[in-house]
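A structural walkthrough
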Amino acid sequence: MNTKDKKHLQGLIAAPFTPMHADGSLNLDIIPEYYQMLKSNGVTGAFICGSTGEGVSLTKDEKKLVAEAWASRTKGDAEFKVMTLLGGTCIADCKELARHAREVGLYAVSFTAPFYFKPADVEVLANICEEIAAEVPDMP
């Protein structure tokens, strides 16, 4: 699907916490309940793995598992949009996570600039965004 065919986001998009066990491991088993709770409260989407979702503290593999859990639970619900944050310090990881998001069926990806070795200027940042977007040109 071409991004021009995608509708603009509407309604409330939640930034859910990433559910974890007391030992810090992922607790993906509660995502179905989390999704149902959001839906029952009129929420129209989830922005996962952002700063509220502990994204910057998760490993690349953990981010993939979170994306897979949300994608699996929301598959078939075209009215509920799930997007993930790709931000971090490694552009190659962001590209891989973008491709993974598309493969598992998420609606969109979002990117935040590297925060340790920051882009030198706005042109460099724009080039990085373009590079990552080129990995998934069919996604918002």
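In case you missed it, the structure is sitting above this.
**With respect to the sheet that holds strand E4 (residues 108-110)**
Strand order in this open sheet of four strands is E1-E2-E3-E4, and the pairing throughout is parallel. Each edge of the sheet is formed by a strand with only one pairing partner; in this case those strands are strand E1 (12-14) and E4. Within this sheet the neighbouring strands show an average axis-to-axis angle of 30°, counted without direction. Direction of pairing for strand E2 (residues 43-48) relative to strand E3 (residues 81-85): parallel, over a ladder of four bridges. Each residue of the ladder has a partner; that of Ile48, found in E3, is Thr84. Each of E2 and E3 is contacted by helix H2 (residues 60-74), which is oriented at about 160° to E2, the strand it contacts most.

**Considerations on a nonpolar patch on the surface**
Taken together, the side chains of Val56, Phe115, Tyr116 and Phe117 present a nonpolar region at the surface, about 530 Å² in accessible area. Take Val56: it is sitting in the loop between E2 and H2.

**Description of the pattern of salt bridges**
Counting across every chain of the model gives seven salt bridges. The residue Lys39 makes a salt bridge to Asp77 at a minimum N-O spacing of 2.9 Å. Here Lys39, found in helix H1 (residues 31-40), pairs with Asp77, found in the loop between H2 and E3; they are 38 residues apart in sequence, far enough to count as distant. One salt bridge connects Lys60 with Asp93, and the closest N-O pair in it is separated by 3.5 Å. Placement of Lys60 in helix H2 and of Asp93 in helix H3 (residues 91-104) is noted, with a sequence separation of 33 residues between them. Where salt bridges share partners, they join Lys60, Lys64, Asp93 and Glu96 into one cluster.

Reading the values: the criteria
- Residues numbered from 1 in each chain as written.
- Predicted model: local features only at pLDDT ≥ 70, side-chain atom pairs only at ≥ 80, totals over all residues.
- Heavy atoms only, no water.
- Pairing = 2+ DSSP bridges.
- Helix = DSSP H or I, 4+ residues; strand = E, 2+ residues; numbered from the N terminus.
- Axes fitted to C-alpha atoms, helices over the stretch in contact; angles between N-to-C directions.
- Contact = heavy atoms within 4.5 Å.
- Patch = residues over 30% accessible without salt bridge, like charges linked within 9 Å, V, L, I, M, F, W, Y side chains within 5 Å.
- Areas by Shrake-Rupley, 256 points an atom, 1.4 Å probe, with all protein chains shown as cover.
- Salt bridge = Lys/Arg side-chain N within 4 Å of Asp/Glu carboxyl O.

That is the geometry; function is a separate question.
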